[in-house]
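Single-letter residue listing:
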Amino acid sequence: MPELYAKVAVSELTYWLDKPYDYLVPDSMQSSLKPGMRVYVPFSRGNRRAEGIVLSLSDKCNYEKTKAIISLLDDEPVLTPEQLKLAFWMRERFFCTVYEAVRAILPAGLWFSGDGKRKAKDKMTQFIRLCVSGEEAYELAQLKRRKAPQQAAVLSLLSAVYEGEISEVRTLSGASRQSLKALVEAGFAEFFYKESFRRPSFKQGRRQPLPELDASQSSAFLGLSELCDKNEALGALLFGVTGSGKTSVYIKLIDYVLSKGRAVIMLVPEIALTPQMLETFSSYFGDNIAVLHSSLSVAERYDEWKRVKRGDAKLVIGTRSAIFAPAENVGLIIIDEEQEDTYKSESAPRYHARDVAKFRCNEDKALLLLGSATPDICSMHAADTGHYSFFALPERYNKMALPEVKIVDMKRELRRGNDSCISSFLKEELQNNIDKGEQSILFINRRGTSKLISCGDCGYIYKCPHCSVSLTYHAGINKLQCHYCGYSQRVAEICPDCGGELLFTGDGTERIEQQLSQLFPGVETIRVDADTVISAGSHEALLSRFRDENIPIMIGTQMVTKGLNFENVTLVGVLSADQSLYCGDYRAAERTFSLITQVVGRSGRASRPGRAIIQTFTPENQVISFAAKQDYNAFYKQEIDLRRVQKCPPFTQIISLTVTGNDEHFVLRCCGEIKKLLHHALGKRLNTDILGPAPYPVVRVAGKYRYKLILRCLPDREVRSAVSKILVHSNTQKEFRGVSVYADMNPLT
């Protein structure tokens, strides 16, 4: 038999060692081995056993001596040729290894633990079925009714349904397992195993007809369906004010694409939104839905992945990672609330779901639909310049007016002696809502009780020993915590340095909860933040309690800003609108506008008019004013002009090179060397800027210092190749020993 060689991507390799490695395929494997299958191979000088994935097969090899593959891990390919192509594209685009990309594409249940066993096994359930016709079974049941009533009951049941799961058959017939075994031994029936799926539990919506669309929704649907019919890789932006009924357009469009025999992937930004979305969509599409998100168990996620791969579910709903669902012949990908940062991965591979969606749409000739009330500036610019088709829903679906918004100047509150985070005006409005039996939502994007604890005498501040941040006080557990590395400690009653009195500064969700209990004794509140949402499903439980028990006030972080629809909520309070506005990031204004607009839109979504209160120390700031007016167009015009002057996306792209290490001086010295390499490789390119090094907003995390260099340009293969070579050089040369360097395309910070 002629020799056959496999090119294999080996797991657990660093980026600078990542390349296809040649291995000899043993004769016993040549007929069964295919690209996309995983194997065990000997790797490195010690020939340690390593996992790998076969990329291609060839009868030629450039090396005289090659090691042989040890064993196969799969009976059939786990990756299609299209998915292998996606993995290579991700490696080139996001500066990751092929295996890091593969791990993002495949569910955790397919991977193997240290003992060589797969993390999730196929669930096999025992069934029983007839070996005779239904008529014969019915006649046998009549003959056995007296002498063997249990066997008769089973035969009678199976004569109608032919087969059934053992436990269900026993429950419905009242028969023992021995009675079933007697029927099998007599040749009237047989046992067999069938794979069953572990499905995630969610509230099923009652089946109903497709929603009726108003004029603007119908116009958007008709335009989008025409784009779907073109069978081309196209993009569209659906811009609709909060409460305009974008979901109804999604439902009609999904039904249209499914009727054409094509699959649909729909992404939502938060796991918390998935149950509400599933309840809605299951009322229209029943069991044709698969769910993919990180809160599922390993087995549930694996089984949902299999249902999609087999074509049992044509509609996939999930968070960022659902973009890798193995659906074939995708006709539509929807990204709801497409401006959200949660669609960007902050660990390798550092991909954005929108970029992966564009790749998949290009491969399948599908439509990418981005939906939002506050679109990403880059997406709106793409629509503005004709790269995306544009559709708008300018009014709320029920014709209700947008909430009436009032801006409260917190400087005046301080002058009046009110140093709390709840203004006198907001207090009055909360009381009015309580009196009327209506509900309110308060938003502050900081959890805990106090952001800073310091000594009023000597100035001592409790700081994290591993990170360059102060510790946040959590009254519920009476501990100080670092929100970056998880370090915690008890707080003393007096200053540990001088014995002076400690001052508690800065408000979080816990402090607001305490203040509300003092302002409104006996009034129940509910808090929704990372501290209260611990176990899987607890977020849904909290929101259900708020709705079903009509709890007067909900306090929350950005978990409460989007996707929620409570008919009795008529008041929203934004407690600290300035919090994210002055952080030094070029997207600070966009994020602030989006957060305020989204949370204000939670008010007045049913028959009662809504109102909102924005508390700020800078009421004259135009971003605050635009958000109060819900005027995205005015904000966009101002922001796009500023981006043009600053040479920020969408007019350029940003690649950051982050250098981390334990020694700050050495990290900075390495940054200087990398900057020289960047200037040498790319300094002569037009419209290319190399900025930095600059520290991260939190420069030290978990004992490591973090600095970054910014490459601002329009990246192409030459740029990415140069950055890749610098990454390899920086992580392999002796002068860089002790630091780690990685690159990120359009990072969040």
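What comes next concerns the included structure. From a predicted model like this one, the values you see are computed outputs, not experimental measurements. (Residues numbered from 1 in each chain as written. Predicted model: local features only at pLDDT ≥ 70, side-chain atom pairs only at ≥ 80, totals over all residues. Heavy atoms only, no water.)

1. Re the sheet that holds strand E8 (residues 189–195)
Next up, step 1: Pairing is antiparallel across the open sheet formed by 3 strands, whose spatial order is E7-E6-E8. In this open sheet, the two strands that pair with only one neighbour each are strand E7 (163–165) and E8. Going from strand to strand, the sheet's axes swing by 30 degrees on average, the running direction of each strand aside.
Next up, step 2: Note: strand E6 (residues 124–130) against E7, 3 bridges, orientation antiparallel. (Pairing = 2+ DSSP bridges. Helix = DSSP H or I, 4+ residues; strand = E, 2+ residues; numbered from the N terminus. Axes fitted to C-alpha atoms, helices over the stretch in contact; angles between N-to-C directions.)

2. Brief notes about the environment of Val 98
Next up, step 1: Position of Val 98 among the secondary structure elements: in helix H2 (residues 98–105).
Next up, step 2: Using a relative accessible area of 4% as the deciding quantity, one classes Val 98 as buried.
Next up, step 3: Remark: the alpha-carbon pair of Val 98 and Asp 18, spanning 80 residues in sequence, is separated by 7.4 Å.
Next up, step 4: Beyond its immediate stretch of four places on either side in the chain, Val 98 contacts Ala 9, Asp 18, Leu 55, Ala 87, Phe 88 and Arg 91. (Buried < 20%, exposed > 50% of the residue type's maximum accessible area, 1.4 Å probe, protein only. Contact = heavy atoms within 4.5 Å.)

3. Regarding the sheet that holds strand E19 (residues 472–474)
Next up, step 1: Within the open sheet, the 3 strands sit side by side as E19-E20-E21. Their pairing is antiparallel. Each edge of the open sheet is held by one strand with a lone partner, namely E19 and strand E21 (488–490). Put simply, the sheet's adjacent strands are angled 30 degrees from each other on average, direction ignored.

4. Some details on the pattern of salt bridges
Next up, step 1: All told, the structure shown has 38 salt bridges when counted by the stated rule.
Next up, step 2: Between Arg 608 and Glu 438 there is a salt bridge, and its shortest N-O distance comes to 3.6 Å. Within this pair, whereas Arg 608 is found in the loop between helix H17 (588–600) and strand E26 (611–616), its partner Glu 438 is found in the loop between helix H14 (424–436) and strand E17 (439–443), the two being separated by 170 residues in sequence.
Next up, step 3: The class of Arg 608 is partly exposed, set by a relative accessible area of 36%. (Salt bridge = Lys/Arg side-chain N within 4 Å of Asp/Glu carboxyl O.)

5. Topic: the packing of helix H4 (residues 149–161) against helix H6 (residues 177–185)
Relative orientation and spacing of two packed helices are given, respectively, by the angle between their axes and the distance between those axes.
Next up, step 1: Orientation of H4 relative to H6, taken along the N-to-C sense of each, is 70 degrees, at an axis distance of 9 Å. One way to sum up the angle between H4 and H6 is to call them roughly perpendicular. The two elements H4 and H6 cross, and the hand of that crossing is right-handed. In this structure, H4 contributes Gln 150, Gln 151, Val 154 and Leu 155 to the contact, and H6 contributes Ser 179, Leu 180, Ala 182 and Leu 183.
Next up, step 2: For the contact of H4 with H6, a count of residues per class yields 5 nonpolar, 3 polar and no charged. (Parallel < 35°, antiparallel > 145°, perpendicular 65-115°, else oblique. Left-handed = near helix turned anticlockwise from the far one by under 90°. Nonpolar A, V, L, I, M, F, W, Y, C, P; charged D, E, K, R; others polar.)

6. Observations concerning the packing of H17 against helix H18 (residues 622–629)
Next up, step 1: Where H17 meets H18, the axes come as close as 9 Å, and the angle between the chain directions of the two elements is 30 degrees. Classified by the interaxial angle, the pair formed by H17 and H18 is roughly parallel. Note on packing geometry: the crossing formed by H17 with H18 is right-handed. The residues of H18 that touch H17, namely those facing Ala 589, Thr 592, Phe 593, Ile 596 and Thr 597, are Val 623, Ile 624, Phe 626 and Ala 627.
Next up, step 2: Of the residues assigned to the contact of H17 with H18, the class counts are 7 nonpolar, 2 polar and no charged.

7. Brief notes about the nonpolar core
Next up, step 1: Formed by 92 residues in total, the largest nonpolar core has its most connected members in Met 90, Ile 333 and Met 554.
Next up, step 2: Among all residues touching Met 90, those that are not within four sequence positions of it are Phe 95, Cys 96, Ala 101, Phe 324, Pro 349 and Tyr 351.
Next up, step 3: Counting 34 residues, the second-largest nonpolar core is a separate cluster that includes Leu 224, Leu 258, Phe 281 and Ile 289. (Core = buried A, V, L, I, M, F, W, Y, C linked by side-chain atoms within 4.5 Å.)

8. Focus: the packing of aromatic side chains
Each aromatic ring pair is characterised by the separation of its centres together with the angle its planes make.
Next up, step 1: On inspection of all chains with the given rule, the structure shows 17 aromatic pairs.
Next up, step 2: Ring geometry for Phe 221 versus Tyr 256: centroids 6.1 Å apart, planes at 90 degrees, classification edge-to-face. In this pair, Phe 221 sits in helix H7 (residues 215–229) while Tyr 256 sits in helix H8 (residues 246–259), placing the two residues 35 residues apart along the sequence.
Next up, step 3: What links up through ring pairs into an aromatic cluster is the set Phe 239, Phe 390, Phe 593, Tyr 632, Phe 635 and Tyr 636.
Next up, step 4: Directly above the ring of Phe 191 sits Arg 177, whose terminal nitrogen or CZ lies 5.6 Å from the centroid.
Next up, step 5: Positioned above the aromatic ring of Phe 425 is the side chain of Lys 406, whose terminal nitrogen or guanidinium carbon lies 5.3 Å from the ring centre. (Phe/Tyr/Trp six-rings, centres within 6.5 Å; stacked < 30°, edge-to-face > 60°. Lys NZ or Arg CZ within 6 Å of the ring centre and 35° of its normal.)

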